[in-house]
Amino acid sequence: MILGTHDAHCLKPMFRNLTLLRVPVLNFIECPDRGAEVVKCNLQALASFCTSSVMAKSKYEYVRNFETDDTCLRNCYIVVRLDGRNFHKFAEQHNFAKPNDDRALGLMTRSARSVMEELEDIIIAYGQSDEFSFIFKRSSNWFKRRASKLMTHVASQFSSSYVFYWREYFGEQPLLHPPGFDGRVVLYPSNRNLRDYLSWRQADCHINNLYNTVFWSLVLKGGLSTIQAEDKLKGTLAADKNEILFSEFNINYNKEPLIHRKGTSLIWEKIDETTTKQIKVLNEEKEVTVTKSRKRVTAHHCDIIGDQFWKEHPEILEDDGC
Ligand SMILES: Nc1nc2c(ncn2[C@@H]2O[C@H](COP(=O)(O)OP(=O)(O)OP(=O)(O)O)[C@@H](O)[C@H]2O)c(=O)[nH]1
Ligand SMILES: [Mg+2]
Ligand SMILES: [Mg+2]
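Each chain carries its own residue numbering, running from 1 in the direction its sequence is written. Each chain is given a letter, starting from A, and each ligand a number, starting from 1, according to the order in which they appear as written. The predicted nature of this model means local features are confined to residues of pLDDT at least 70 and side-chain atom pairs, given and counted, to a pLDDT of 80 or more, with totals for whole chains, interfaces and linings taken over all residues. Here the side-chain values reflect all heavy atoms present in the structure, with hydrogen atoms and water set aside.

Considerations on the pattern of salt bridges
Salt bridges are defined as contacts in which a side-chain nitrogen from Lys or Arg sits within 4 Å of a carboxyl oxygen from Asp or Glu. Under the defined criterion, the tally for this structure stands at 15 salt bridges. As a salt-bridge pair, aspartate 196 and arginine 192 come within 3.3 Å of each other at their nearest N and O atoms. Here the residue aspartate 196 and the residue arginine 192 both occupy positions in helix 7 (residues 191-221), the gap between them amounting to four residues, near one helical turn. Using a 1.4 Å probe on the protein chains alone, a residue whose accessible area is under 20% of its type maximum counts as buried, one over 50% counts as exposed, and one in between counts as partly exposed. You can call aspartate 196 partly exposed: its relative accessible area is 40%. The residue aspartate 307 makes a salt bridge to arginine 195 at a minimum N-O spacing of 2.8 Å. You can see aspartate 307 sitting in the loop between strand 9 (284-300) and helix 11 (308-312) and its partner arginine 195 sitting in helix 7, a full 112 residues away along the chain. Classification of aspartate 307 as partly exposed rests on a relative accessible area of 41%. Linked by salt bridges that have partners in common, Glu131, Arg201 and Asp204 make up one network. Counting from the N terminus, the helices are the DSSP runs of H or I reaching at least four residues and the strands are the DSSP runs of E reaching at least two.

Points about helix 4 (residues 102-118)
Counted at 1.5 Å a residue, the expected span for helix 4 with its 17 residues is 24 Å, and the 24 Å between its end C-alpha atoms agrees. Buried residues dominate helix 4, accounting for twelve of its 17 residues. Expected helix span is computed as 1.5 Å times (number of residues minus one).

Quick word on the coordination of the magnesium ion (ligand 2)
Note: metal donors comprise N, O and S atoms at 2.8 Å or less from the metal (3.2 Å for Na, K and Ca); water molecules are not included, so apparent gaps in a site are possible. Bound to the magnesium ion (ligand 2) on the protein side are Asp83 (OD), Gly84 (O) and Asp130 (OD), at distances that span 2.0 to 2.2 Å. Taken together, the six donor atoms coordinating the magnesium ion (ligand 2) span angles of 82 to 177° at the metal, a pattern that classifies the geometry as octahedral. Here the donor residues for the magnesium ion (ligand 2) map to a single chain with the spacing D-G-x45-D. A spacing of 3.5 Å is found between the magnesium ion (ligand 2) and the magnesium ion (ligand 3), which share aspartate 83 as a donor. Here aspartate 130 lies in the loop between strand 5 (122-128) and strand 6 (131-136) and aspartate 83 lies in strand 4 (residues 77-84), a separation of 47 residues in the sequence. Any site counts as irregular unless it has four donors with all angles between 85 and 135 degrees, making it tetrahedral, or four or six donors with opposite ones more than 155 degrees apart and the rest between 65 and 115, making it square planar or octahedral.

Overview of the coordination of the magnesium ion (ligand 3)
Protein-derived ligands of the magnesium ion (ligand 3) are Asp83 (OD) and Asp130 (OD), with the metal-ligand distances lying across 2.1 to 2.2 Å. Its relative accessible area of 21% is what places aspartate 83 among the partly exposed residues.

Topic: the pairing of strand 9
When strand 8 (residues 264-281) meets strand 9, the two strands line up antiparallel, connected through 17 bridges. The residue of strand 9 that forms the bridge with lysine 277 is valine 288. Whether two strands pair comes down to DSSP finding at least two bridges between them.

Topic: the UniProt feature "domain: tRNAHis guanylyltransferase catalytic" (unreviewed entry) in the protein chain
UniProt positions are given in the numbering used here, feature names are shortened, and annotations may be inferred rather than shown by experiment. Residues given the UniProt feature "domain: tRNAHis guanylyltransferase catalytic" (unreviewed entry) here are residues 60-189. Within residues 60-189, the helical portion is 36% and the strand portion 22%, while the C-alpha atoms at the span's ends are 39 Å from each other.

Concerning the packing of aromatic side chains
Stacked, edge-to-face and tilted labels apply to pairs of Phe, Tyr and Trp rings (six-membered ring for Trp) whose centres lie within 6.5 Å, assigned for plane angles under 30 degrees, over 60, and everything in between, in that order. In the structure shown here, the tally under the stated rule is 23 aromatic pairs. Seen from their ring centres, phenylalanine 90 and tryptophan 166 are 6.2 Å apart, and the 80° between their planes marks the pair as edge-to-face. Of this pair, phenylalanine 90 sits in helix 3 (residues 87-93) while tryptophan 166 sits in helix 6 (residues 166-170), placing them 76 residues apart in sequence. In this structure phenylalanine 90 comes out as buried when scored by relative accessible area, which is 2%. For tryptophan 166, a relative accessible area of 3% corresponds to the buried category. With 5.8 Å between their ring centres and 65° between their planes, tyrosine 197 and tryptophan 200 make a pair best called edge-to-face.

Some remarks on unusual backbone geometry
Cis peptide bonds are those with omega within 30 degrees of zero, and the linkage from lysine 98 to proline 99 qualifies with 0°. Mapped onto the fold, proline 99 is located in the loop between helix 3 and helix 4. The phi angle at phenylalanine 143 is positive, at roughly 50°, despite the residue not being glycine. With respect to the helices, strands and loops of the structure, phenylalanine 143 is situated in the loop between strand 6 and helix 5 (147-164). Positive phi is not limited to glycine here, since asparagine 283 has a value of about 65°. Topologically, asparagine 283 is positioned in the loop between strand 8 and strand 9.

Following this line, the structure appears as structure tokens:
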């Protein structure tokens, strides 16, 4: 674009602003001998800058001040927990096996893996039933630590993955309606607090799974109605439930699948991948093996309440002496 000297003069401050805004201004050449100034710029960028600068002055601009600051406190682990909306009904409608449907659990884990792979800074995720917790590292500055951004990105990535991968787990069985997941953000300042949070979720998994295993054994194998089973279990302790399972159904609860008793923990681990390659050495074809170390999301169905898991994976938490 070639402008008259006067026009170019007026535009100079605007170009300075464009540069500050990192809009690509390709060139600004002064040619006084030609009585004109030649300005080469990205016209599209200029147009958008002009529009936004007009917007900035609009009388509606003040509405931005209604936005609240939801920056997560520094130095804290950020936990985003998702939970399926009305999954009691969703499970019935989609004929989930009782008490645990391995297709549904697999799909939850697949969706959580997609969240970890697509979003930055998640160090561990833990899931059971229709919920998954995602833990961002303490130093994460992803989306400037804005709670609403973190939570909505996790929830939307998870929900879309749940639908996207549905067929991989449920085959021809149709998804009858779009599932939804609520999200919340909780901050934990110390390793102890974070571990207690994860322990709480795993203890919840154990309590619910023990109850559901006995409950559905009484109904599906013992022939009790759901009301009778509920009455029978009222006031019982864990030992009583174990006893009912063993004496009436020959089930040793401790031998039930780990995935059902402990839930699923997803972490990043370095995995060595070995491939073979053909190379030419002195005009001779040779096969060589190449080993590359890659970071992968791996699933673990083990106790995360005790110290062992954390000792085996010291890279998950930064040492804070707690
Ligand atoms: N049969 C079966 N049901 C499951 C399974 N996983 C989750 N559910 C159902 O999902 C429910 C999850 O519980 P909640 O999250 O407390 O309840 P919800 O119905 O989702 O309700 P809100 O979370 O409050 O919207 C369980 O109570 C079960 O009914 C499964 O593997 N098999
Ligand atoms: Mg739910
Ligand atoms: Mg739930």
